Amino acid sequence: MEALLEKHDEMTEGALHGPEGKLPAPDARYRGGMGTQGLVQARPQGPVVEERPILVLEGLSRHFGPRCPHCQDGEAPLERNVCPRCGTVHALRNVGLELYPGEIVGIVGESGSGKSTLMQCLYFDQEASAGTLHLQSYDGGLQNAFELSSQERLRLRNTMFGMVYQNPYLGLRMDYSSLSNIAEQMISSGNRLVQAMVGRGSSLLDEVNIPQRRKTEAPRRFSGGMQQRVQIAKALSNNPPILLLDEVTTGLDLSVQANVLDLILRIRRDFKVGMLVVSHDLGVVRMLADRTLVMLDGRVIETGLTDQILEDPQHAYTQQLVYSLL
């Protein structure tokens, strides 16, 4: 693990350190993040509706291409999500959502609907073309996170968010141990105490049912389900208020999928974490989500309580999705 710490220091020198190679002083604007403290206390399942939303997203758009006068109009008709005049792909068009503490919001839609692009914009893997993102744990939600400097956005994602990718190879260093993967995430938010990182990592791997004897093994040697569980442990390492889960059960055997879903529900039960869960599988969303957004061609076409969406879908596309389960 010490070799990983040294490597990570070299890789992040310019991004996370100040001009003299020192970590920036603790920032009062950040009120999330775990540091080296213990696990947060258990809380009742379900959103705390009297609290403010921890995430407010408005008007998010992401396009690939030059745009033209026709498609600069946000309501202009497109061929699916492609401008018929200039060929610009509008992966997201005017997307908005709110997330409350302890709430799980599902995001469903077919491939190409914009679900993963939405998650990548929230995690700053992609640049938003337009829109505002306000996070309650950063400066009281006053600033638009999309307008922050690249250094501030990097700090924000390492303290406010945990990300679990559909492909574990995007979220894990496959040749480093599970403990080292968790340590890397903690280093990214400024931690340097090896003993604290080992203790925190061991505790989290216990939480996701990784056997003690395998904590020093590389994830490359794990099954797909175990790799996803290590990703979840890594995502929780800094106690972020928000988890982003992108198709975390795709490609897993049914029994393994059930274990991962049970783990997500247990995390929601035991930790005060809001989650956005992307899935093309309405069965997964039915099990997990309090509210659901349905996306098509880069837009949110229907939103509401999950039971309402599944029992009384209003949009023709949502009806098609729901009836496909029958």
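The structure displayed is predicted, hence computed values, not measured ones. (Residues numbered from 1 in each chain as written. Predicted model: local features only at pLDDT ≥ 70, side-chain atom pairs only at ≥ 80, totals over all residues. Heavy atoms only, no water.)

*Asks:* Even after reading the chapter, I still don't get the pairing of strand S8 (residues 291-296), so can you show me in this structure?
*Replies:* Each regular strand shows side chains that alternate between the opposite faces of the sheet. The buried fraction of S8 amounts to five of the six residues, a majority that puts the element mostly inside the structure. Pairing analysis gives four bridges linking strand S3 (residues 104-108) to S8, with the strands arranged parallel. When the bridges of S8 are listed, valine 108 appears paired with valine 294. Where S8 and strand S9 (residues 299-305) come together, six bridges link them in antiparallel fashion. Each bridged residue has a counterpart across the sheet, and for leucine 296 the counterpart in S9 is arginine 299. The hairpin formed by S8 and S9 contains two residues between the paired strands, and aspartate 297 there has a positive phi angle of roughly 55°. (Buried < 20%, exposed > 50% of the residue type's maximum accessible area, 1.4 Å probe, protein only. Helix = DSSP H or I, 4+ residues; strand = E, 2+ residues; numbered from the N terminus. Pairing = 2+ DSSP bridges.)

*Asks:* Help me understand the packing of helix H8 (residues 194-207) against helix H9 (residues 224-236), please; the structure alone is not making it clear to me.
*Replies:* In helix packing, the relevant descriptors are the interaxial angle and the interaxial distance, both defined with respect to the helix axes. Across the interface, H8 lies against H9 with an axial gap of 9 Å and an inter-helix angle of 135°. In this view, H8 runs oblique relative to H9, as classed from their interaxial angle. Remark: the crossing between H8 and H9 carries right-handed chirality. Taking contact as the criterion, the partners of Arg200, Leu204 and Leu205 in H8 are, on H9, Val230, Ala233 and Leu236. (Axes fitted to C-alpha atoms, helices over the stretch in contact; angles between N-to-C directions. Parallel < 35°, antiparallel > 145°, perpendicular 65-115°, else oblique. Left-handed = near helix turned anticlockwise from the far one by under 90°. Contact = heavy atoms within 4.5 Å.)

*Asks:* Looking at this structure, how should I read the pattern of salt bridges?
*Replies:* A side chain with one charge can pair with a side chain of the opposite charge if their charged atoms come near. Scanning all chains against the criterion turns up 16 salt bridges. Where arginine 80 meets glutamate 110, a salt bridge forms, and the shortest distance between an N and an O atom there is 2.3 Å. Here arginine 80 is found in the loop between helix H3 (69-72) and strand S2 (89-99), whereas its partner glutamate 110 is found in the loop between S3 and helix H4 (115-122), with 30 residues between them in sequence. What makes glutamate 110 partly exposed here is its relative accessible area of 30%. Across the pair aspartate 290 and arginine 268 runs a salt bridge whose closest N-O atoms are separated by 2.8 Å. Of this pair, aspartate 290 sits in the loop between helix H11 (282-288) and S8 while arginine 268 is found in helix H10 (residues 254-270), placing the two residues 22 residues apart along the sequence. In this structure arginine 268 comes out as buried when scored by relative accessible area, which is 3%. Within this structure, Arg80, Glu110 and Asp297 form a network of salt bridges that share partners. (Salt bridge = Lys/Arg side-chain N within 4 Å of Asp/Glu carboxyl O.)

*Asks:* Before we go on, may I ask you to explain the sheet that holds S2 in this structure?
*Replies:* Sheet strands associate in pairs through backbone hydrogen bonding, adopting either a parallel or an antiparallel arrangement. Taken together, the three strands give an open sheet; going across it, the order is S2-S1-S4, and neighbouring strands pair in antiparallel fashion. Edge positions in the sheet fall to S2 and strand S4 (130-135), since each has one partner strand and no second. Mean inter-strand twist for the sheet, computed between neighbouring axes without regard to direction, equals 15°. Across five bridges, the pairing between strand S1 (residues 55-64) and S4 is antiparallel. Looking at the pairing, serine 61 lines up with alanine 130 of S4. The strands that H4 touches are S1, S2 and S4; relative to S1, the one it contacts most, it runs at about 115°.

*Asks:* Can you walk me through H4 in this structure?
*Replies:* An α-helical segment advances 3.6 residues per turn. Residues three or four places apart therefore align on the same side. For H4, the tally of buried residues reaches six of eight residues, placing the bulk of the element in the interior. Of the residues one or two after H4, phenylalanine 124 is the one with positive phi, at around 65°.

*Asks:* Mind showing me how you'd approach the nonpolar core here?
*Replies:* Soluble globular proteins tend to pack their nonpolar side chains together in the buried interior. Counting 47 residues, the largest nonpolar core has Leu205, Ile232, Leu243, Leu245, Ile264, Ile267 and Met275 as the members making the most contacts within it. Excluding its chain neighbours within four sequence positions, the residues that come into contact with isoleucine 267 are Ile232, Leu236, Leu243 and Met275. Listed in part, the 33 residues of the second largest apolar core include Leu57, Leu97, Val105 and Phe124. (Core = buried A, V, L, I, M, F, W, Y, C linked by side-chain atoms within 4.5 Å.)

*Asks:* In this structure, what is going on with the state of the cysteines? I would like to understand it.
*Replies:* Joining two cysteines, a disulfide is a covalent bond between their sulfur atoms. Taken as a whole and judged by the stated rule, the model has zero disulfides. With no disulfide of its own, cysteine 68 lies closest to cysteine 83 among cysteine sulfurs, the gap being 3.6 Å. The class of cysteine 68 is buried, set by a relative accessible area of 13%. (Disulfide = S-S within 2.5 Å.)

*Asks:* I would appreciate a short explanation of the environment of isoleucine 232 in the present structure.
*Replies:* Within the element layout of this structure, isoleucine 232 appears in helix H9. A relative accessible area of 2% places isoleucine 232 in the buried class. With 27 residues separating them along the chain, isoleucine 232 and leucine 205 place their C-alpha atoms 9.2 Å apart. Discounting chain neighbours no more than four positions away, the residues touching isoleucine 232 are Val164, Val208, Val260, Leu263 and Ile267.

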